[in-house]
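Listed below are the residues making up each chain.
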Amino acid sequence: MTELDDKLPAAEVPYRLAPESPRPDALPLSGTPEEFNAIRAVLLPERAENEQRFSLTGLFVVVTFASIVLGLGSHLPPAVFAGAAGAATLAGMFALSLLRAPPLVVQLGWWLLLAVYLMAIGRALWA
């Protein structure tokens, strides 16, 4: 046994973490495992197992949406398309932040929209 093992509390004693030098504004972190699990369930929602996978239909919709956006973007002036893609990216980011646990295919769609926005910026700067 090491010196640190002697300082650890026994298994029967609930674990409590407190600062070494207490500050007047610091609150000690203590609680039961049930309380921590309840907090974790609120902050980190668990996904159903079928939500972890992309469906073929979802991927088809995302790719179709991206191709339509790129097709419409080729008919607009580069600066206008970059501005519209940027506004859509910000709106999508705001919408995703409102959802508690958005499906992964929706997150993939937002990342593709961000990639389209970055390509539109490059095209606008190149022109």
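Relevant structure appears above.
Once a new chain begins, its residue numbering starts again from 1 and follows that chain's sequence as written. Totals for whole chains, interfaces and linings use every residue, but because this is a predicted model, local features are given only for residues with pLDDT of at least 70 and side-chain atom pairs only at 80 or more, for both listing and counting. Note: side-chain values were computed over all heavy atoms of the structure, leaving out hydrogens and water.

Scanning the protein chain from N- to C-terminus turns up five helices and zero strands. Counting from the N terminus, the helices are the DSSP runs of H or I reaching at least four residues and the strands are the DSSP runs of E reaching at least two. Secondary structure elements of the protein chain, listed N to C terminal, follow the sequence α-α-α-α-α. Burial classes: relative accessible area under 20% of the type maximum marks a residue as buried, over 50% as exposed, and values in between as partly exposed (1.4 Å probe, protein chains only). Looking at the protein chain as a whole, 17% of its 127 residues are labelled buried. All accessibility values rest on the Shrake-Rupley procedure with a 1.4 Å probe; residue burial counts only the protein chains present in the view. Summing over all exposed atoms, the protein chain offers an accessible surface of approximately 10300 Å²; the carbon and sulfur share of this is 69%.

So, about the packing of aromatic side chains. Aromatic rings from Phe, Tyr and Trp, with only the six-membered ring used for Trp, were paired whenever their centres fell within 6.5 Å, and each pair was classed as stacked if the ring planes differed by under 30 degrees, edge-to-face if by over 60, and tilted otherwise. Throughout the structure, instances matching the rule amount to one aromatic pair. With a centroid separation of 5.0 Å and 80° between ring planes, the pair formed by tryptophan 110 and tryptophan 111 is classed as edge-to-face. Among the residues examined, tryptophan 110 registers a relative accessible area of 14% and is labelled buried.

Helices are assigned an expected span. That span is 1.5 Å times one less than the residue count. For helix 5 (residues 104-126), with 23 residues, the first-to-last C-alpha span of 33 Å sits near the 33 Å given by 1.5 Å per residue. Of the positions making up helix 5, those classed as buried are Leu104, Gly109, Trp110, Leu113, Leu114, Val116 and Ala120. By the convention used here, residues are in contact when the closest approach between their heavy atoms is within 4.5 Å. Against the buried residues of helix 5 lie helix 3 (56-73) and helix 4 (78-98).

The next thing to look at is the side chain of threonine 89. Residue position: threonine 89 is located in helix 4. Polar side-chain contacts of threonine 89 include one of 2.7 Å to the backbone oxygen of alanine 85. When sequence neighbours within four positions are dropped, the list of residues in contact with threonine 89 reads Trp110, Leu113, Leu114 and Tyr117. Here a polar contact is taken to be a pair of N or O atoms separated by no more than 3.5 Å, where protein atoms must pair a possible hydrogen donor with a possible acceptor and residues adjacent in sequence count only if both atoms sit in side chains.

Helix packing geometry: the angle between the two helix axes and the distance between the axes. For helices, the fitted line uses only the C-alpha atoms of the stretch in contact; every axis is such a line through C-alpha atoms, and the angle between N-to-C directions lies from 0 to 180 degrees. As a packed pair, helix 3 and helix 5 sit with axes 10 Å apart at the nearest point and diverge in direction by 20°. Judged by the angle between their axes, helix 3 and helix 5 are roughly parallel. In terms of crossing hand, the pair formed by helix 3 and helix 5 is right-handed. Contacts between helix 3 and helix 5 involve Gly58, Leu59, Val62, Val69, Leu70 and Gly73 from the first element and Val105, Leu108, Gly109, Leu112, Val116, Met119 and Arg123 from the second. Orientation labels follow simple angle bins: below 35 degrees gives roughly parallel, above 145 gives roughly antiparallel, 65 to 115 gives roughly perpendicular, and whatever is left gives oblique. By convention, the crossing between two helices is left-handed when the near helix turns anticlockwise from the far helix through less than a right angle, and right-handed when the turn is clockwise.

As a further point, take a nonpolar patch on the surface. A cluster of nonpolar side chains, namely Phe36, Ile39, Val42, Leu43 and Leu44, defines an oily patch on the protein surface of about 510 Å² accessible area. The residue valine 42 is located in helix 2 (residues 33-43) in this model. In this structure valine 42 comes out as exposed when scored by relative accessible area, which is 58%. A patch consists of residues whose relative accessible area exceeds 30% and which take part in no salt bridge; residues with like charges are grouped when within 9 Å of each other, and nonpolar side chains (Val, Leu, Ile, Met, Phe, Trp, Tyr) when within 5 Å. The working definition used for a salt bridge is a side-chain nitrogen of Lys or Arg within 4 Å of a carboxyl oxygen of Asp or Glu.

The nonpolar side chains of a soluble globular protein tend to be buried with one another. Residues grouped as a nonpolar core are buried Ala, Val, Leu, Ile, Met, Phe, Trp, Tyr and Cys residues, joined through side-chain atoms within 4.5 Å. Ranked by size, the top nonpolar core spans five residues in total: Val69, Phe81, Ala82, Val116 and Ala120. The set of elements that each furnish at least two residues to this core consists of helix 4 and helix 5. Those residues in contact with valine 116, other than ones at most four positions away along the chain, are Val69, Leu70 and Phe81.

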